[in-house]
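What the coordinates show
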Amino acid sequence: QQPVQSPQAVILREGEDAVINCSSSKALYSVHWYRQKHGEAPVFLMILLKGGEQKGHEKISASFNEKKQQSSLYLTASQLSYSGTYFCGTEGRETSGSRLTFGEGTQLTVNP
Amino acid sequence: EAQVTQNPRYLITVTGKKLTVTCSQNMNHEYMSWYRQDPGLGLRQIYYSMNVEVTDKGDVPEGYKVSRKEKRNFPLILESPSPNQTSLYFCASSLSGGNRYGYTFGSGTRLTVV
C-alpha cells in the first residue's frame, strides 16, 4: 500500500527549514528518501533501516519512528538547489526486501 | 561511470505495435526494477528482479513483460501497447534485494501510445 506524504507542496525562502512526513498503514521494514528535479531521474538521498534511526546528508536529515510507522525528512537552512520533488519509499515487513512502494511526492520550491 | 542506461529516451508508437525498452547497468547490481511515473500517482512498480532468471510482479504488471537473462540487462516489453500505457518509465537497480541499499535510476523513457 502506498505511503502517504505530507504536505503535498511547500514553498520556502532560501535559508528556511522544512519537514516532509511519510506515513504508512503497515509495519515498515525500511524507508528510503529520494529527490527528483524536473525532467530528471530520482536521486537517492538516504535509507533508514531501524526504528528510531536518524541519518544526515549535509543539511538534510531524516528520522524513522517504527512504532508510529512513519518517517520525516528535515531540510535545514534550505538552498536553491533543494528545489524538487521528494519521495519516500517504504517496504513492509511482509515483502522480504523485494518491494519498494513510493509515496506521491512532496514538491518543494525554494525561492531566493 | 556507474550508471543505469535506458533506451530510448522518447518513444511515440501506435496501439498494438510491440515495443521493447532496454535497461542496462554497469555496477554488477543484483536487483533491478521497472517503475512508471504518472502525475498525481508517484512511482508505481511494474516488475522487479532479485537476480538472473528471477523476476516477479510489482503493483501494476498488466500489459508488461520482462526478462533477466543477464545480470546487467532488464528489458521491459509491451506486447500490445495501449494508450493507458502512456507514461514516464524508469528502470532502477540496487546492489542487492532487501532494500538495504539505495536505488540508482536510469534517465527515464517517455512513452506515448496513440
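Residues numbered from 1 in each chain as written. Chains lettered and ligands numbered in written order. Predicted model: local features only at pLDDT ≥ 70, side-chain atom pairs only at ≥ 80, totals over all residues. Heavy atoms only, no water.

A short note on the overall build of chain A
When helices and strands are counted, chain A shows zero helices and 11 strands. The order of helices and strands in chain A, counted from the N terminus, is β-β-β-β-β-β-β-β-β-β-β. Taken over 112 residues, chain A has a buried fraction of 47%. In chain A, once contacts between residues fewer than 6 apart in sequence are set aside, the share between residues at least 24 apart is 56%. Just so you have it, chain A exposes about 5500 Å², and 48% of that area is on carbon and sulfur atoms. (Helix = DSSP H or I, 4+ residues; strand = E, 2+ residues; numbered from the N terminus. Buried < 20%, exposed > 50% of the residue type's maximum accessible area, 1.4 Å probe, protein only. Contact = heavy atoms within 4.5 Å. Areas by Shrake-Rupley, 256 points an atom, 1.4 Å probe, with all protein chains shown as cover.)

Focus on the pattern of salt bridges
For the structure on display, the rule yields four salt bridges over all chains. Three or more residues joined by partner-sharing salt bridges are found here, namely Arg36(B), Asp38(B) and Arg44(B). (Salt bridge = Lys/Arg side-chain N within 4 Å of Asp/Glu carboxyl O.)

What about the interface of chain B and chain A?
The interface is formed by 24 residues belonging to chain B together with 22 residues belonging to chain A. Taken over both partners, the interface formed by chain B and chain A buries close to 1800 Å², and the fraction arising from carbon and sulfur atoms is 49%. The tally of links from chain B across to chain A stands at one salt bridge. When contributions to the side of chain B that touches chain A are tallied by element, the ones reaching two or more residues are β4 (31-38) and β5 (42-51) of chain B. Of the residues forming the side of chain B that touches chain A, the biggest block, five residues, is contributed by β5(B). The class makeup of the residues in the side of chain B that touches chain A is 10 nonpolar, 11 polar and three charged. (Buried area = accessible area lost by both parts, 1.4 Å probe. Nonpolar A, V, L, I, M, F, W, Y, C, P; charged D, E, K, R; others polar.)

Notes on the nonpolar core
The tendency in soluble globular proteins is for nonpolar side chains to be buried as a group. With 21 residues, the main nonpolar core has Trp33(A), Met46(A), Leu73(A), Leu75(A), Tyr82(A), Tyr86(A) and Leu108(A) as its most contacted residues. At the level of secondary structure, the elements contributing two or more residues to this core comprise β2 (9-13), β3 (18-23), β4 (28-36), β5 (43-48), β7 (60-65), β8 (70-75), β9 (84-92) and β11 (106-111) of chain A. Sequence-distant contacts of Leu108(A), that is, excluding residues within four places in its chain, are made with Val10(A), Leu12(A), Ala18(A), Leu75(A), Tyr82(A), Ser83(A), Gly84(A) and Tyr86(A). Leu19(B), Met32(B), Trp34(B) and Val60(B) belong to the second-largest nonpolar core, a separate cluster that totals 19 residues. (Core = buried A, V, L, I, M, F, W, Y, C linked by side-chain atoms within 4.5 Å.)

Here's the deal with the confidence of the model for chain A
Summarising the model, chain A shows a mean pLDDT of 89, and 89% of its residues fall at 70 or more. Per-element mean pLDDT across chain A ranges from 68 in strand β6 (residues 54-57) of chain A up to 97 in β2(A). (pLDDT = per-residue confidence, 0-100.)

With respect to the sheet that holds strand β8 (residues 76-78) of chain B
Residue and element names in this part refer to chain B. The strand order across the open sheet formed by four strands is β1-β3-β8-β7, and the pairing between neighbours is antiparallel. A single partner strand is all that each edge strand has here, and the edge strands are β1 (4-7) and β7 (65-66). Note: strand β3 (residues 19-25) against β8, three bridges, orientation antiparallel. Counted as the bridge partner of Thr 20 is Ile 77 from β8. (Pairing = 2+ DSSP bridges.)

Comments concerning the packing of aromatic side chains
Applying the stated criterion to the full structure yields 12 aromatic pairs over all chains. Relative to Tyr103(B), the ring of Tyr31(B) lies with its centre 5.5 Å away and its plane at 40 degrees, an arrangement referred to as tilted. Here Tyr31(B), found in strand β4, pairs with Tyr103(B), found in the loop between β9 (87-94) and β10 (104-105); they are 72 residues apart in sequence, far enough to count as distant. Through successive ring pairs, a cluster of aromatic residues spans Tyr34(A), Phe44(A), Phe102(A), Tyr31(B), Tyr35(B), Tyr48(B), Phe90(B), Tyr103(B) and Phe105(B). (Phe/Tyr/Trp six-rings, centres within 6.5 Å; stacked < 30°, edge-to-face > 60°.)

Let's talk about the state of the cysteines
Inspection of every chain in the model, using the stated rule, returns two disulfides over all chains. Linked covalently through their sulfurs, Cys22(A) and Cys88(A) form a disulfide whose S-S length is 2.1 Å. Taking the sign of the S-S torsion, about 75 degrees here, the bridge from Cys22(A) to Cys88(A) comes out right-handed. Here Cys22(A), found in strand β3, pairs with Cys88(A), found in strand β9; they are 66 residues apart in sequence, far enough to count as distant. Note on accessibility: Cys22(A) and Cys88(A) belong to one class, buried. The residue that forms a disulfide with Cys23(B) is Cys91(B), at a sulfur-sulfur distance of 1.9 Å. Judged by the sign of its S-S torsion, about -70 degrees, the bond between Cys23(B) and Cys91(B) is left-handed. Within this pair, whereas Cys23(B) is found in strand β3, its partner Cys91(B) is found in strand β9, the two being separated by 68 residues in sequence. (Disulfide = S-S within 2.5 Å.)

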